[in-house]
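Summary of structural features
Here are the chains, one letter per residue:
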Amino acid sequence: MEDNKVRGQIWRDGKPVDGFELEKVSDCIDDPSTMVWADLVDPSHETLSKLAGELDLNRWAVEDALAASERVKATGYAHHTFITVYAVAFDRAAATPESGLDVEFAENALKLQRISLFLVGNALITVRLTAGVDASDDRSSVFDMDDVVARWNEIGGLERGVGSLLHGLLDVVVDGHFEAVQELDDAIEDLESMLFDDSTGSRSLQRRTYLLRKNLVALRRVVLPMREVVSLIQRRRDALGSSDRLDPEFTDLYDHVLRATEWTESLRDMVTTVFETNLSLQDARLNTVMKKLTGWAAIIAVPTAITGFYGQNVPFPGFDHTAGFVTSVVLLLTAMVVLYVLFKRRDWL
(Lines give C-alpha, C1' and ligand atoms only; values in the text may rest on other atoms or scores of the structure.)
Protein backbone atom coordinates (compact mmCIF):
# COMPACT_ATOMS: atom_id res chain seq x y z
CA MET A 1 0.00 0.00 0.00
CA GLU A 2 2.83 2.42 0.66
CA ASP A 3 6.39 3.26 -0.34
CA ASN A 4 8.64 6.28 0.08
CA LYS A 5 6.83 8.36 -2.55
CA VAL A 6 3.31 7.02 -3.11
CA ARG A 7 0.64 5.60 -0.86
CA GLY A 8 -3.04 5.17 -1.32
CA GLN A 9 -6.19 3.17 -0.76
CA ILE A 10 -9.08 1.86 -2.81
CA TRP A 11 -12.47 1.30 -1.23
CA ARG A 12 -15.11 -0.87 -2.88
CA ASP A 13 -18.63 -0.71 -1.49
CA GLY A 14 -17.24 1.18 1.52
CA LYS A 15 -14.67 -1.49 2.37
CA PRO A 16 -10.89 -1.16 1.85
CA VAL A 17 -9.30 -3.24 -0.89
CA ASP A 18 -5.90 -4.78 -0.25
CA GLY A 19 -3.06 -3.57 -2.42
CA PHE A 20 -2.68 -0.22 -4.17
CA GLU A 21 -1.07 0.77 -7.45
CA LEU A 22 -1.09 4.26 -8.88
CA GLU A 23 -1.78 2.87 -12.34
CA LYS A 24 -5.13 1.54 -11.13
CA VAL A 25 -6.52 4.95 -10.26
CA SER A 26 -7.66 5.74 -13.81
CA ASP A 27 -9.49 2.40 -13.97
CA CYS A 28 -11.49 3.10 -10.83
CA ILE A 29 -12.65 6.71 -11.15
CA ASP A 30 -15.69 5.83 -13.27
CA ASP A 31 -16.78 2.91 -11.09
CA PRO A 32 -19.55 4.18 -8.77
CA SER A 33 -18.92 1.34 -6.32
CA THR A 34 -15.31 2.38 -5.69
CA MET A 35 -13.53 5.32 -4.10
CA VAL A 36 -9.83 6.07 -4.50
CA TRP A 37 -7.23 8.03 -2.59
CA ALA A 38 -3.65 8.48 -3.79
CA ASP A 39 -0.97 10.46 -1.95
CA LEU A 40 2.12 11.59 -3.86
CA VAL A 41 5.09 13.02 -1.96
CA ASP A 42 7.52 15.09 -4.05
CA PRO A 43 6.37 13.58 -7.36
CA SER A 44 8.41 14.25 -10.46
CA HIS A 45 6.91 16.36 -13.22
CA GLU A 46 6.88 13.31 -15.44
CA THR A 47 4.98 11.17 -12.92
CA LEU A 48 2.34 13.80 -12.22
CA SER A 49 2.00 14.69 -15.90
CA LYS A 50 1.43 11.02 -16.76
CA LEU A 51 -1.25 10.75 -14.09
CA ALA A 52 -2.77 14.02 -15.29
CA GLY A 53 -2.99 12.61 -18.82
CA GLU A 54 -4.81 9.52 -17.58
CA LEU A 55 -7.25 11.50 -15.41
CA ASP A 56 -7.64 14.48 -17.78
CA LEU A 57 -6.30 17.00 -15.26
CA ASN A 58 -5.76 20.59 -16.29
CA ARG A 59 -2.12 21.25 -17.20
CA TRP A 60 -2.05 24.56 -15.34
CA ALA A 61 -3.32 22.89 -12.18
CA VAL A 62 -0.51 20.37 -12.51
CA GLU A 63 2.01 23.20 -12.86
CA ASP A 64 0.57 24.91 -9.76
CA ALA A 65 0.85 21.67 -7.76
CA LEU A 66 4.57 21.47 -8.53
CA ALA A 67 5.37 25.20 -8.32
CA ALA A 68 7.83 26.36 -5.68
CA SER A 69 5.19 28.51 -4.01
CA GLU A 70 1.48 28.96 -4.48
CA ARG A 71 -1.27 30.78 -2.62
CA VAL A 72 -4.23 29.10 -0.94
CA LYS A 73 -6.99 28.69 -3.50
CA ALA A 74 -9.70 26.46 -4.95
CA THR A 75 -10.41 26.29 -8.68
CA GLY A 76 -13.18 24.39 -10.41
CA TYR A 77 -12.36 22.93 -13.82
CA ALA A 78 -14.59 21.08 -16.26
CA HIS A 79 -13.58 17.58 -15.15
CA HIS A 80 -12.10 18.13 -11.70
CA THR A 81 -11.55 20.51 -8.76
CA PHE A 82 -8.10 21.73 -7.74
CA ILE A 83 -7.38 22.95 -4.20
CA THR A 84 -4.24 24.27 -2.52
CA VAL A 85 -4.02 24.52 1.27
CA TYR A 86 -1.24 24.76 3.84
CA ALA A 87 -0.75 22.66 6.95
CA VAL A 88 0.67 24.71 9.82
CA ALA A 89 2.77 24.05 12.91
CA PHE A 90 3.95 26.78 15.29
CA ASP A 91 7.01 26.52 17.55
CA ARG A 92 6.22 28.92 20.39
CA ALA A 93 9.67 28.63 21.97
CA ALA A 94 11.30 29.66 18.69
CA ALA A 95 9.01 32.66 18.27
CA THR A 96 9.95 34.10 21.68
CA PRO A 97 13.70 33.51 21.86
CA GLU A 98 15.80 34.15 24.88
CA SER A 99 19.26 35.65 24.53
CA GLY A 100 21.61 33.34 22.69
CA LEU A 101 19.03 31.65 20.47
CA ASP A 102 19.53 31.74 16.73
CA VAL A 103 17.54 34.68 15.35
CA GLU A 104 17.11 32.99 11.96
CA PHE A 105 15.57 29.95 13.66
CA ALA A 106 13.28 32.21 15.63
CA GLU A 107 12.05 33.92 12.49
CA ASN A 108 11.06 30.51 11.06
CA ALA A 109 8.94 29.50 14.07
CA LEU A 110 5.90 29.10 11.82
CA LYS A 111 6.31 25.98 9.66
CA LEU A 112 4.19 25.47 6.57
CA GLN A 113 3.66 22.52 4.26
CA ARG A 114 1.70 22.90 1.04
CA ILE A 115 -0.87 20.29 0.10
CA SER A 116 -2.44 20.23 -3.36
CA LEU A 117 -5.65 18.30 -3.93
CA PHE A 118 -7.20 16.99 -7.14
CA LEU A 119 -10.79 15.80 -6.93
CA VAL A 120 -11.75 13.95 -10.09
CA GLY A 121 -14.70 11.62 -10.22
CA ASN A 122 -14.61 9.43 -7.13
CA ALA A 123 -10.85 9.92 -6.59
CA LEU A 124 -8.90 12.22 -4.28
CA ILE A 125 -5.28 12.85 -5.31
CA THR A 126 -3.07 14.62 -2.74
CA VAL A 127 0.31 16.08 -3.67
CA ARG A 128 2.68 17.10 -0.89
CA LEU A 129 5.99 18.88 -1.49
CA THR A 130 8.93 18.54 0.91
CA ALA A 131 11.80 19.06 -1.56
CA GLY A 132 14.22 21.83 -0.59
CA VAL A 133 13.37 21.62 3.10
CA ASP A 134 16.29 21.80 5.49
CA ALA A 135 17.11 18.38 6.92
CA SER A 136 16.97 19.82 10.43
CA ASP A 137 13.35 20.87 9.84
CA ASP A 138 11.13 17.93 10.77
CA ARG A 139 8.21 18.29 8.41
CA SER A 140 6.46 15.30 9.85
CA SER A 141 5.61 17.57 12.77
CA VAL A 142 3.81 19.93 10.35
CA PHE A 143 1.46 17.45 8.69
CA ASP A 144 1.13 13.74 9.19
CA MET A 145 -1.07 11.92 6.69
CA ASP A 146 -1.59 9.16 9.25
CA ASP A 147 -3.68 11.66 11.26
CA VAL A 148 -5.92 12.11 8.22
CA VAL A 149 -6.30 8.36 7.72
CA ALA A 150 -7.19 8.02 11.41
CA ARG A 151 -9.78 10.81 11.03
CA TRP A 152 -11.33 9.00 8.05
CA ASN A 153 -11.61 5.86 10.12
CA GLU A 154 -13.19 7.82 12.99
CA ILE A 155 -15.88 9.58 10.98
CA GLY A 156 -16.71 6.56 8.86
CA GLY A 157 -19.23 7.57 6.25
CA LEU A 158 -16.96 6.57 3.38
CA GLU A 159 -20.08 5.44 1.56
CA ARG A 160 -20.97 9.13 1.19
CA GLY A 161 -18.40 9.63 -1.52
CA VAL A 162 -15.08 11.32 -2.05
CA GLY A 163 -16.43 14.43 -0.34
CA SER A 164 -16.07 12.62 2.99
CA LEU A 165 -12.35 12.11 2.27
CA LEU A 166 -11.97 15.78 1.42
CA HIS A 167 -13.80 16.85 4.56
CA GLY A 168 -11.63 14.66 6.78
CA LEU A 169 -8.40 16.04 5.31
CA LEU A 170 -9.49 19.69 5.49
CA ASP A 171 -10.73 19.13 9.04
CA VAL A 172 -7.23 18.03 10.11
CA VAL A 173 -5.68 21.03 8.32
CA VAL A 174 -8.05 23.51 9.97
CA ASP A 175 -7.42 21.90 13.37
CA GLY A 176 -3.73 22.61 12.78
CA HIS A 177 -4.60 26.23 12.05
CA PHE A 178 -6.48 26.42 15.36
CA GLU A 179 -3.53 24.99 17.28
CA ALA A 180 -1.16 27.51 15.68
CA VAL A 181 -3.51 30.41 16.47
CA GLN A 182 -3.81 29.17 20.06
CA GLU A 183 -0.02 29.08 20.43
CA LEU A 184 0.25 32.59 19.01
CA ASP A 185 -2.47 33.78 21.39
CA ASP A 186 -0.59 32.34 24.38
CA ALA A 187 2.67 33.89 23.17
CA ILE A 188 1.01 37.30 22.84
CA GLU A 189 -0.42 37.01 26.36
CA ASP A 190 3.08 36.36 27.66
CA LEU A 191 4.23 39.39 25.72
CA GLU A 192 1.53 41.54 27.32
CA SER A 193 2.64 40.47 30.79
CA MET A 194 6.18 41.59 29.94
CA LEU A 195 5.05 45.13 29.06
CA PHE A 196 4.96 46.26 32.69
CA ASP A 197 7.92 44.18 33.82
CA ASP A 198 10.80 46.60 34.37
CA SER A 199 13.29 43.71 34.28
CA THR A 200 12.52 43.08 30.60
CA GLY A 201 14.73 44.99 28.24
CA SER A 202 13.03 47.20 25.70
CA ARG A 203 15.09 45.76 22.84
CA SER A 204 14.14 42.18 23.76
CA LEU A 205 10.47 43.11 23.96
CA GLN A 206 10.59 44.83 20.59
CA ARG A 207 12.26 41.85 18.95
CA ARG A 208 9.69 39.44 20.36
CA THR A 209 6.88 41.67 19.17
CA TYR A 210 8.39 41.86 15.70
CA LEU A 211 8.83 38.07 15.46
CA LEU A 212 5.27 37.39 16.60
CA ARG A 213 3.91 39.95 14.18
CA LYS A 214 5.91 38.42 11.34
CA ASN A 215 4.67 34.90 12.11
CA LEU A 216 1.12 36.15 12.50
CA VAL A 217 1.21 37.77 9.05
CA ALA A 218 2.43 34.49 7.53
CA LEU A 219 -0.32 32.56 9.31
CA ARG A 220 -2.95 35.05 8.21
CA ARG A 221 -2.01 34.50 4.57
CA VAL A 222 -2.92 30.81 4.76
CA VAL A 223 -5.92 31.05 7.12
CA LEU A 224 -7.98 33.83 5.53
CA PRO A 225 -8.29 32.29 2.02
CA MET A 226 -9.68 29.06 3.53
CA ARG A 227 -13.10 30.73 3.51
CA GLU A 228 -13.05 30.84 -0.28
CA VAL A 229 -11.87 27.22 -0.44
CA VAL A 230 -14.71 25.85 1.69
CA SER A 231 -17.25 28.11 -0.03
CA LEU A 232 -16.30 26.76 -3.46
CA ILE A 233 -16.52 23.18 -2.19
CA GLN A 234 -20.01 23.85 -0.87
CA ARG A 235 -21.07 25.31 -4.21
CA ARG A 236 -19.66 22.33 -6.11
CA ARG A 237 -20.88 19.60 -3.74
CA ASP A 238 -22.91 17.98 -6.54
CA ALA A 239 -19.73 17.60 -8.59
CA LEU A 240 -18.12 15.89 -5.58
CA GLY A 241 -20.86 13.31 -5.56
CA SER A 242 -21.90 14.19 -2.01
CA SER A 243 -24.99 16.25 -2.84
CA ASP A 244 -26.64 17.40 0.41
CA ARG A 245 -25.38 14.52 2.54
CA LEU A 246 -22.25 16.38 3.68
CA ASP A 247 -23.83 19.81 4.16
CA PRO A 248 -23.74 19.65 8.00
CA GLU A 249 -20.08 18.59 7.97
CA PHE A 250 -18.95 21.31 5.58
CA THR A 251 -21.10 23.91 7.33
CA ASP A 252 -19.35 23.02 10.59
CA LEU A 253 -15.98 23.16 8.82
CA TYR A 254 -16.82 26.61 7.42
CA ASP A 255 -17.73 27.76 10.94
CA HIS A 256 -14.32 26.56 12.18
CA VAL A 257 -12.61 28.43 9.36
CA LEU A 258 -14.50 31.62 10.23
CA ARG A 259 -13.55 31.28 13.89
CA ALA A 260 -9.89 30.79 13.00
CA THR A 261 -10.07 33.81 10.68
CA GLU A 262 -11.68 36.05 13.29
CA TRP A 263 -9.24 34.86 15.93
CA THR A 264 -6.32 35.64 13.64
CA GLU A 265 -7.69 39.12 12.98
CA SER A 266 -8.11 39.77 16.71
CA LEU A 267 -4.52 38.65 17.34
CA ARG A 268 -3.37 41.09 14.69
CA ASP A 269 -5.06 43.89 16.62
CA MET A 270 -3.55 42.62 19.87
CA VAL A 271 0.00 42.64 18.47
CA THR A 272 -0.54 46.16 17.15
CA THR A 273 -1.84 47.21 20.58
CA VAL A 274 1.18 45.67 22.31
CA PHE A 275 3.53 47.49 19.95
CA GLU A 276 1.77 50.85 20.45
CA THR A 277 1.53 50.34 24.22
CA ASN A 278 5.24 49.61 24.38
CA LEU A 279 5.99 52.87 22.57
CA SER A 280 3.64 54.77 24.92
CA LEU A 281 5.29 53.24 27.98
CA GLN A 282 8.71 54.19 26.65
CA ASP A 283 7.50 57.77 26.21
CA ALA A 284 6.07 57.75 29.73
CA ARG A 285 9.32 56.40 31.18
CA LEU A 286 11.27 59.04 29.26
CA ASN A 287 9.01 61.77 30.64
CA THR A 288 9.53 60.43 34.17
CA VAL A 289 13.29 60.44 33.71
CA MET A 290 13.22 63.96 32.29
CA LYS A 291 11.12 65.20 35.23
CA LYS A 292 13.55 63.71 37.72
CA LEU A 293 16.55 65.15 35.91
CA THR A 294 14.87 68.54 35.71
CA GLY A 295 13.99 68.47 39.41
CA TRP A 296 17.50 67.59 40.53
CA ALA A 297 18.96 70.14 38.11
CA ALA A 298 16.77 72.85 39.69
CA ILE A 299 17.82 71.78 43.20
CA ILE A 300 21.48 71.88 42.24
CA ALA A 301 21.10 75.21 40.45
CA VAL A 302 20.00 77.02 43.62
CA PRO A 303 23.17 76.35 45.69
CA THR A 304 25.22 77.10 42.60
CA ALA A 305 23.57 80.51 42.33
CA ILE A 306 23.98 81.25 46.03
CA THR A 307 27.62 80.21 46.20
CA GLY A 308 28.26 82.13 43.01
CA PHE A 309 26.75 85.27 44.49
CA TYR A 310 28.76 85.00 47.71
CA GLY A 311 31.86 84.30 45.73
CA GLN A 312 31.93 87.80 44.27
CA ASN A 313 35.14 89.69 44.87
CA VAL A 314 33.30 92.92 45.85
CA PRO A 315 32.12 94.15 49.26
CA PHE A 316 28.52 93.24 50.23
CA PRO A 317 26.64 92.86 53.53
CA GLY A 318 28.35 90.09 55.45
CA PHE A 319 31.46 90.19 53.21
CA ASP A 320 34.52 88.75 54.99
CA HIS A 321 32.44 88.01 58.12
CA THR A 322 31.28 84.76 59.74
CA ALA A 323 27.69 86.00 59.62
CA GLY A 324 27.83 86.14 55.83
CA PHE A 325 28.97 82.52 55.62
CA VAL A 326 26.23 81.39 58.00
CA THR A 327 23.63 83.34 56.02
CA SER A 328 24.70 81.76 52.71
CA VAL A 329 24.62 78.22 54.17
CA VAL A 330 21.16 78.79 55.66
CA LEU A 331 19.83 80.15 52.37
CA LEU A 332 21.41 77.26 50.48
CA LEU A 333 19.95 74.51 52.71
CA THR A 334 16.56 76.17 53.00
CA ALA A 335 16.17 76.58 49.24
CA MET A 336 17.22 72.99 48.56
CA VAL A 337 14.78 71.57 51.15
CA VAL A 338 11.91 73.72 49.87
CA LEU A 339 12.50 72.69 46.26
CA TYR A 340 12.87 69.03 47.20
CA VAL A 341 9.56 69.06 49.11
CA LEU A 342 7.75 70.85 46.28
CA PHE A 343 9.06 68.45 43.58
CA LYS A 344 8.35 65.42 45.74
CA ARG A 345 4.74 66.46 46.27
CA ARG A 346 4.33 66.86 42.50
CA ASP A 347 5.89 63.41 41.90
CA TRP A 348 8.86 64.82 40.03
CA LEU A 349 11.37 62.99 42.19
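Residues numbered from 1 in each chain as written. Predicted model: local features only at pLDDT ≥ 70, side-chain atom pairs only at ≥ 80, totals over all residues. Heavy atoms only, no water.

So, about a negative patch on the surface. On the surface, E21, E23, D27 and E54 cluster together into a negatively charged patch. Assignment of secondary structure puts E23 in the loop between strand 2 (15–17) and helix 1 (25–28). (Patch = residues over 30% accessible without salt bridge, like charges linked within 9 Å, V, L, I, M, F, W, Y side chains within 5 Å. Areas by Shrake-Rupley, 256 points an atom, 1.4 Å probe, with all protein chains shown as cover. Salt bridge = Lys/Arg side-chain N within 4 Å of Asp/Glu carboxyl O. Lys, Arg positive; Asp, Glu negative; His and termini not counted. Charge placed at Lys NZ, Arg CZ, Asp CG, Glu CD. Helix = DSSP H or I, 4+ residues; strand = E, 2+ residues; numbered from the N terminus.)

The element strand 7 (residues 123–128) is largely enclosed, with a buried count of six among its six residues. On strand 7, burial covers both faces: A123, I125 and V127 on one face and L124, T126 and R128 on the other are all buried. Sheet topology places strand 3 (residues 34–41) next to strand 7; six bridges connect them, and they run parallel. Looking at the pairing, V41 lines up with R128 of strand 7. In sequence, strand 6 (residues 110–120) turns back onto strand 7 through a hairpin of two residues, with G121 there showing a positive phi of about 60°. (Buried < 20%, exposed > 50% of the residue type's maximum accessible area, 1.4 Å probe, protein only. Pairing = 2+ DSSP bridges.)

With that out of the way, let us pick up helix 6 (residues 145–155). All of the buried residues in helix 6 are M145, V148, R151 and W152. What you see down the axis of helix 6 is that its buried residues fit within an arc of 110°, all on one side. Residues of helix 6 that are exposed and point over 90 degrees away from its buried face: N153 and E154. The secondary structure elements touched by the buried residues of helix 6 are strand 1 (6–12), strand 3, strand 7 and helix 7 (162–194). At the N-terminal end of helix 6, a side-chain oxygen is found 3.1 Å from the backbone nitrogen of D146, two or three residues along, and the residue is D144. (Arc of directions from axis to C-beta. Contact = heavy atoms within 4.5 Å. Polar contact = N/O pair within 3.5 Å; in protein donor to acceptor, adjacent residues only side chain to side chain.)

Below, the discussion takes up a nonpolar patch on the surface. Judged by side-chain polarity, W296, I300, V337, Y340 and V341 come together as a nonpolar surface patch covering roughly 470 Å² of accessible area. Those elements that place two or more of their residues in the nonpolar patch are helix 10 (247–310) and helix 11 (322–345). It is helix 11 that contributes the most residues to the nonpolar patch, three residues altogether. Secondary-structure assignment places V337 in helix 11.

Attention now moves to the packing of helix 6 against helix 7. One can describe the packing of helix 6 onto helix 7 by two numbers: an axis separation of 9 Å at closest approach and a directional angle of 125°. Put simply, helix 6 runs oblique to helix 7. By crossing handedness, the relation of helix 6 to helix 7 is classed as right-handed. Seen from helix 6, the contacting residues are M145, D147, V148, R151, W152 and I155; seen from helix 7, they are S164, L165, G168, L169, D171, V172 and D175. (Axes fitted to C-alpha atoms, helices over the stretch in contact; angles between N-to-C directions. Parallel < 35°, antiparallel > 145°, perpendicular 65-115°, else oblique. Left-handed = near helix turned anticlockwise from the far one by under 90°.)

Moving on: the packing of aromatic side chains. On inspection of all chains with the given rule, the structure shows five aromatic pairs. For the ring pair W37 and W152, a centre distance of 5.1 Å and an interplane angle of 80° mean the geometry is edge-to-face. On the criterion of sequence distance, the pair formed by W37 in strand 3 and W152 in helix 6 is long-range, its members being 115 residues apart. W37 sits in the buried class, given a relative accessible area of 1%. Note on W296 and Y340: the rings are 6.1 Å apart at their centroids and 50° apart in plane angle, and the pair reads as tilted. In this pair, W296 is assigned in helix 10 and Y340 in helix 11, connecting sequence segments 44 residues apart. (Phe/Tyr/Trp six-rings, centres within 6.5 Å; stacked < 30°, edge-to-face > 60°.)

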